[in-house]
Amino acid sequence: MSRMIRDYIEVSDHMPLDALIEKLSEIRASLPPSAEAEMRIRGDDAFGRHLCIAYLRPLSPEEAACEARYAERGKARLRAAA
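Residues numbered from 1 in each chain as written. Predicted model: local features only at pLDDT ≥ 70, side-chain atom pairs only at ≥ 80, totals over all residues. Heavy atoms only, no water.

Enquirer: What's the story with the pattern of salt bridges in this structure? I'm lost.
Expert: Where side chains of opposite charge bring their charged atoms close, a pairing between them can arise. If you walk through the whole model with that rule in mind, you get three salt bridges. The partner of Arg40 in a salt bridge is Glu38, and the shortest N-O contact between them spans 3.6 Å. Residue class for Arg40 comes out partly exposed when judged on its relative accessible area of 45%. With a closest N to O distance of 3.1 Å, Arg49 and Asp45 form a salt bridge. Residue class for Asp45 comes out exposed when judged on its relative accessible area of 71%. (Salt bridge = Lys/Arg side-chain N within 4 Å of Asp/Glu carboxyl O. Buried < 20%, exposed > 50% of the residue type's maximum accessible area, 1.4 Å probe, protein only.)

Enquirer: Looking at this structure, I do not really get the environment of Ile53. What am I missing?
Expert: Relative to the helices and strands, Ile53 is located in strand S3 (residues 48–58). Separated by 45 residues in sequence, Ile53 and Tyr8 place their C-alpha atoms 6.1 Å apart. (Helix = DSSP H or I, 4+ residues; strand = E, 2+ residues; numbered from the N terminus.)

Enquirer: Help me out: how do you make sense of the nonpolar core in this one?
Expert: The tendency in soluble globular proteins is for nonpolar side chains to be buried side by side. Grouped together as the largest cluster of nonpolar side chains are eight residues: Ile9, Leu20, Ile27, Leu31, Ala35, Leu51, Ile53 and Tyr55. Those elements giving two or more residues to this core turn out to be helix H1 (17–30) and S3. Among the elements that line this core, the one with the most residues is S3, at three residues. In this structure, Ile9 is in contact with Leu24, Ile27, His50, Leu51 and Ile53, ignoring residues within four places of it in sequence. (Core = buried A, V, L, I, M, F, W, Y, C linked by side-chain atoms within 4.5 Å. Contact = heavy atoms within 4.5 Å.)

Enquirer: Looking at this model, I keep getting lost on the pairing of S3. Mind explaining?
Expert: In regular strands, side chains alternate between the two faces of the sheet. Of the strand pairs in this sheet, strand S2 (residues 38–44) and S3 are connected by seven bridges, and their pairing is antiparallel. Bridging from a neighbouring strand, Gly43 pairs with Arg49 of S3. Counting the residues in the hairpin turn of S2 and S3 gives three residues. (Pairing = 2+ DSSP bridges.)

Remember that the coordinates give geometry; whether it matters functionally is a separate question.
Here it is, written out as structure tokens:
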């Protein structure tokens, strides 16, 4: 099972283009091959803008165990309500 994980990168007003390209290259190299990453510019003039990079990754064993516990609780509540 995969979840959408969002990683935010703050882009300053005067960030050099070479520094931005280098940072994005580092991020791309660290992602798994099946990440299907996408980038969008988010924000506004009042609060500032940032690059939003979203990608898929598998759940860790701890996350999967937690998700399984809550999924079972939800199923039990649905059975009781039916």
